[in-house]
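# Per-entry structural report
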Amino acid sequence: MHRLKKTVVMIGMMGSGKTAVGTALARALGVPFIDSDHEIERASTLSIPEIFERHGEPFFRDREAEVIARLLDGEPGILSTGGGAFMSERNRQTISERGVALWIRADAELLWTRVRHKDTRPLLRTPDPKATLLEFIEKRDPVYALADLVVDAEPGISIEEMAQKSIGV
Ligand code: S3P
(Lines give C-alpha, C1' and ligand atoms only; values in the text may rest on other atoms or scores of the structure.)
Protein backbone atom coordinates (compact mmCIF):
# COMPACT_ATOMS: atom_id res chain seq x y z
CA MET A 1 0.00 0.00 0.00
CA HIS A 2 1.38 3.33 -1.11
CA ARG A 3 0.63 6.62 0.58
CA LEU A 4 0.13 9.38 -1.93
CA LYS A 5 0.16 12.88 -0.44
CA LYS A 6 -1.92 14.26 -3.29
CA THR A 7 -4.22 12.91 -5.96
CA VAL A 8 -2.59 12.42 -9.35
CA VAL A 9 -4.92 13.98 -11.92
CA MET A 10 -4.69 12.47 -15.41
CA ILE A 11 -5.13 15.09 -18.13
CA GLY A 12 -4.83 15.08 -21.92
CA MET A 13 -6.76 14.63 -25.13
CA MET A 14 -9.54 12.16 -25.76
CA GLY A 15 -7.91 8.87 -26.69
CA SER A 16 -4.58 9.65 -25.00
CA GLY A 17 -5.00 6.78 -22.54
CA LYS A 18 -5.79 8.64 -19.30
CA THR A 19 -8.10 5.92 -18.08
CA ALA A 20 -5.86 3.00 -19.08
CA VAL A 21 -2.66 4.50 -17.64
CA GLY A 22 -4.53 5.83 -14.60
CA THR A 23 -5.94 2.39 -13.86
CA ALA A 24 -2.46 0.82 -14.12
CA LEU A 25 -1.01 3.50 -11.84
CA ALA A 26 -3.72 2.99 -9.25
CA ARG A 27 -3.17 -0.76 -9.33
CA ALA A 28 0.60 -0.40 -8.98
CA LEU A 29 0.24 2.03 -6.08
CA GLY A 30 -2.71 0.28 -4.39
CA VAL A 31 -4.79 3.47 -4.35
CA PRO A 32 -8.33 4.18 -5.61
CA PHE A 33 -8.96 5.04 -9.26
CA ILE A 34 -11.80 7.39 -10.17
CA ASP A 35 -12.92 8.72 -13.55
CA SER A 36 -14.71 12.07 -13.48
CA ASP A 37 -16.79 11.27 -16.60
CA HIS A 38 -18.05 8.05 -14.98
CA GLU A 39 -18.98 9.96 -11.82
CA ILE A 40 -20.93 12.50 -13.86
CA GLU A 41 -22.73 9.70 -15.74
CA ARG A 42 -23.52 7.86 -12.54
CA ALA A 43 -24.91 10.95 -10.79
CA SER A 44 -27.09 11.95 -13.74
CA THR A 45 -27.94 8.40 -14.91
CA LEU A 46 -27.20 9.62 -18.45
CA SER A 47 -24.30 8.89 -20.78
CA ILE A 48 -21.93 11.74 -21.73
CA PRO A 49 -23.47 12.06 -25.25
CA GLU A 50 -26.96 12.17 -23.69
CA ILE A 51 -25.90 14.91 -21.26
CA PHE A 52 -24.54 16.99 -24.15
CA GLU A 53 -27.71 16.39 -26.20
CA ARG A 54 -30.25 17.09 -23.47
CA HIS A 55 -28.50 19.73 -21.40
CA GLY A 56 -25.68 21.15 -23.52
CA GLU A 57 -21.96 21.53 -22.97
CA PRO A 58 -22.09 24.36 -20.35
CA PHE A 59 -24.24 22.14 -18.10
CA PHE A 60 -21.72 19.29 -18.53
CA ARG A 61 -18.79 21.62 -17.71
CA ASP A 62 -20.49 22.75 -14.49
CA ARG A 63 -21.07 19.14 -13.38
CA GLU A 64 -17.47 18.33 -14.35
CA ALA A 65 -16.07 21.16 -12.20
CA GLU A 66 -18.23 20.11 -9.22
CA VAL A 67 -17.21 16.47 -9.50
CA ILE A 68 -13.50 17.30 -9.81
CA ALA A 69 -13.62 19.59 -6.75
CA ARG A 70 -15.50 16.96 -4.73
CA LEU A 71 -13.20 14.11 -5.72
CA LEU A 72 -10.10 16.14 -4.93
CA ASP A 73 -11.44 16.58 -1.40
CA GLY A 74 -11.34 12.84 -0.81
CA GLU A 75 -8.64 10.31 -0.10
CA PRO A 76 -5.62 10.72 -2.45
CA GLY A 77 -5.71 8.41 -5.46
CA ILE A 78 -5.70 8.60 -9.24
CA LEU A 79 -8.32 10.80 -10.89
CA SER A 80 -8.85 10.61 -14.63
CA THR A 81 -10.57 13.64 -16.18
CA GLY A 82 -12.26 14.32 -19.50
CA GLY A 83 -10.12 15.97 -22.18
CA GLY A 84 -11.67 19.41 -21.69
CA ALA A 85 -11.42 19.56 -17.92
CA PHE A 86 -7.96 21.16 -17.72
CA MET A 87 -9.03 23.91 -20.13
CA SER A 88 -11.05 25.51 -17.35
CA GLU A 89 -9.13 27.94 -15.16
CA ARG A 90 -11.35 27.00 -12.24
CA ASN A 91 -10.39 23.32 -12.61
CA ARG A 92 -6.70 24.14 -13.05
CA GLN A 93 -6.84 26.13 -9.82
CA THR A 94 -8.55 23.28 -7.91
CA ILE A 95 -6.08 20.74 -9.34
CA SER A 96 -3.02 22.85 -8.50
CA GLU A 97 -4.21 23.36 -4.93
CA ARG A 98 -5.08 19.78 -4.15
CA GLY A 99 -3.51 17.51 -6.76
CA VAL A 100 -0.69 16.91 -9.20
CA ALA A 101 -1.51 17.10 -12.92
CA LEU A 102 -0.06 14.38 -15.16
CA TRP A 103 -0.39 15.00 -18.92
CA ILE A 104 -0.48 12.02 -21.23
CA ARG A 105 0.99 13.60 -24.35
CA ALA A 106 0.10 11.91 -27.63
CA ASP A 107 0.47 12.98 -31.23
CA ALA A 108 -2.42 13.62 -33.59
CA GLU A 109 -2.12 10.41 -35.63
CA LEU A 110 -2.14 8.18 -32.57
CA LEU A 111 -5.15 10.02 -31.14
CA TRP A 112 -7.00 9.83 -34.44
CA THR A 113 -6.46 6.06 -34.78
CA ARG A 114 -7.91 5.63 -31.31
CA VAL A 115 -10.96 7.86 -31.59
CA ARG A 116 -11.93 7.50 -35.25
CA HIS A 117 -14.14 4.41 -34.84
CA LYS A 118 -15.84 5.45 -31.63
CA ASP A 119 -19.00 7.49 -31.41
CA THR A 120 -18.82 8.28 -27.71
CA ARG A 121 -17.36 11.79 -28.03
CA PRO A 122 -20.05 14.37 -28.75
CA LEU A 123 -17.46 17.05 -29.56
CA LEU A 124 -16.24 14.99 -32.51
CA ARG A 125 -19.69 14.66 -34.08
CA THR A 126 -18.84 17.19 -36.77
CA PRO A 127 -18.72 16.97 -40.58
CA ASP A 128 -14.91 16.61 -40.43
CA PRO A 129 -14.01 14.98 -37.09
CA LYS A 130 -10.31 14.70 -37.91
CA ALA A 131 -10.05 18.45 -38.56
CA THR A 132 -11.96 19.06 -35.32
CA LEU A 133 -9.57 16.82 -33.43
CA LEU A 134 -6.58 18.74 -34.86
CA GLU A 135 -8.14 22.05 -33.83
CA PHE A 136 -8.63 20.78 -30.28
CA ILE A 137 -5.03 19.57 -30.12
CA GLU A 138 -3.72 22.93 -31.30
CA LYS A 139 -5.79 24.82 -28.76
CA ARG A 140 -5.26 22.47 -25.86
CA ASP A 141 -1.66 21.30 -26.00
CA PRO A 142 -0.21 24.63 -24.78
CA VAL A 143 -2.59 24.49 -21.80
CA TYR A 144 -1.91 20.82 -21.06
CA ALA A 145 1.77 21.81 -21.05
CA LEU A 146 1.11 23.61 -17.73
CA ALA A 147 0.87 20.15 -16.09
CA ASP A 148 3.28 19.21 -13.30
CA LEU A 149 4.30 15.94 -15.01
CA VAL A 150 4.24 14.64 -18.56
CA VAL A 151 4.55 11.21 -20.12
CA ASP A 152 4.57 10.45 -23.85
CA ALA A 153 2.17 7.93 -25.31
CA GLU A 154 4.61 6.46 -27.79
CA PRO A 155 3.17 3.87 -30.18
CA GLY A 156 4.11 0.39 -28.98
CA ILE A 157 4.79 1.36 -25.39
CA SER A 158 2.74 -0.68 -22.93
CA ILE A 159 0.37 0.83 -20.41
CA GLU A 160 2.53 -0.55 -17.58
CA GLU A 161 5.67 1.03 -19.07
CA MET A 162 3.88 4.37 -19.30
CA ALA A 163 2.74 4.13 -15.70
CA GLN A 164 6.32 3.26 -14.75
CA LYS A 165 7.77 6.20 -16.68
CA SER A 166 5.20 8.70 -15.44
CA ILE A 167 5.80 8.59 -11.69
CA GLY A 168 8.32 5.80 -11.32
CA VAL A 169 6.10 2.99 -10.03
C1 S3P B 1 -14.25 15.75 -23.75
C2 S3P B 1 -13.67 14.51 -23.54
C3 S3P B 1 -14.43 13.35 -23.04
C4 S3P B 1 -15.68 13.81 -22.28
C5 S3P B 1 -16.47 14.77 -23.11
C6 S3P B 1 -15.69 16.02 -23.47
C7 S3P B 1 -13.40 16.86 -24.25
O8 S3P B 1 -13.60 12.58 -22.17
O9 S3P B 1 -15.34 14.41 -21.06
O10 S3P B 1 -16.89 14.09 -24.26
O11 S3P B 1 -13.79 18.03 -24.11
O12 S3P B 1 -12.29 16.56 -24.75
P13 S3P B 1 -12.32 11.71 -22.68
O14 S3P B 1 -11.14 12.64 -22.75
O15 S3P B 1 -12.14 10.69 -21.61
O16 S3P B 1 -12.69 11.14 -24.00
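Residues numbered from 1 in each chain as written. Predicted model: local features only at pLDDT ≥ 70, side-chain atom pairs only at ≥ 80, totals over all residues.

Under an unreviewed UniProt entry, the name given to the protein is Shikimate kinase, and the source organism is Palleronia caenipelagi. Database annotation for the protein, UniProt heading Catalytic activity (unreviewed entry): "shikimate + ATP = 3-phosphoshikimate + ADP + H(+)". Word for word, the UniProt comment on the protein under Sequence similarities (unreviewed entry) is "Belongs to the shikimate kinase family." (UniProt positions renumbered as here; feature names shortened; annotations may be inferred.)

### Some remarks on the packing of helix α1 (residues 18–29) against helix α8 (residues 159–167)
Where α1 contacts α8, the two axes come as close as 9 Å, and the packing angle between them is 70°. The pairing of α1 with α8 is recorded here as roughly perpendicular in orientation. Handedness of the crossing formed by α1 with α8: right-handed. Judged by residue contacts, A20, V21, A24, L25 and A28 of α1 engage I159, E160, M162, A163, S166 and I167 from α8. (Axes fitted to C-alpha atoms, helices over the stretch in contact; angles between N-to-C directions. Helix = DSSP H or I, 4+ residues; strand = E, 2+ residues; numbered from the N terminus. Parallel < 35°, antiparallel > 145°, perpendicular 65-115°, else oblique. Left-handed = near helix turned anticlockwise from the far one by under 90°. Contact = placed C-beta atoms within 7 Å.)

### Remarks on the nonpolar core
Counting residues in each nonpolar core, the largest one holds 35 residues, and the members touching the most others are V9, M10, I11, L25, A101 and L102. For this core, the secondary structure elements donating two or more residues are β1 (7–11), α1, α4 (57–71), β3 (78–80), β4 (99–105), α6 (108–115) and α7 (129–144). Sort the elements by how many residues they give to this core and α1 lands first, with five residues. Setting aside anything within four residues of it in sequence, one finds I11 in contact with T81, A85, F86, A101, L102, W103, Y144 and A147. (Core = buried A, V, L, I, M, F, W, Y, C linked by C-beta atoms within 7 Å. Buried ≥ 20, exposed ≤ 12 C-beta atoms within 10 Å, placed from the backbone.)

### With respect to the UniProt feature "binding site: Mg(2+)" (unreviewed entry) in the protein
When the UniProt feature table is mapped onto this chain, "binding site: Mg(2+)" (unreviewed entry) is found at T19. With 17 C-beta atoms packed within 10 Å, T19 lands in the partly exposed category. Those residues within four positions of T19 in sequence are excluded, and the remaining contacts are D35 and S80.

### Details of the sheet that holds β1
The strand order across the open sheet built from five strands is β2-β3-β1-β4-β5, with neighbouring strands paired in parallel fashion. Whereas interior strands pair on both sides, the edge strands pair on one side only; in this sheet they are β2 (33–35) and β5 (149–152). Neighbour-to-neighbour, the strand axes of the sheet open up by a mean angle of 25°, direction not taken into account. Where β4 lies against β5, four bridges are found, and the strand directions are parallel. Paired with W103 across the two strands is V150, which belongs to β5. Running over the sheet, α8 touches β1, β4 and β5 and is turned about 150° from β5. (Pairing = 2+ DSSP bridges.)

### Here's the deal with the site of the ligand
Taken together, the neighbourhood of the ligand is formed by M14, D37, I48, G82, G83, G84, R121, P122 and L123. Of the residues that constitute the shell around the ligand, the class distribution is four nonpolar, three polar and two charged. (Near = placed C-beta within 6 Å. Nonpolar A, V, L, I, M, F, W, Y, C, P; charged D, E, K, R; others polar.)

### A short note on the environment of M87
Assignment of secondary structure puts M87 in the loop between β3 and α5 (89–98). Note on M87: 16 C-beta atoms within 10 Å, which makes it partly exposed. Along the chain, M87 and G12 lie 75 residues apart, while their C-alpha atoms are 9.9 Å from each other. Not counting residues within four places of it along the chain, the set of residues in contact with M87 comprises R140 and V143.

### What to know about the packing of helix α3 (residues 48–55) against α4
Two numbers describe how α3 lies on α4: the axes approach to 7 Å, and their chain directions differ by 125°. Looking at the two axes, α3 sits oblique to α4. On α4, the residues that touch I51, F52 and H55 of α3 are E57, F59 and F60. For the contact of α3 with α4, a count of residues per class yields four nonpolar, one polar and one charged.

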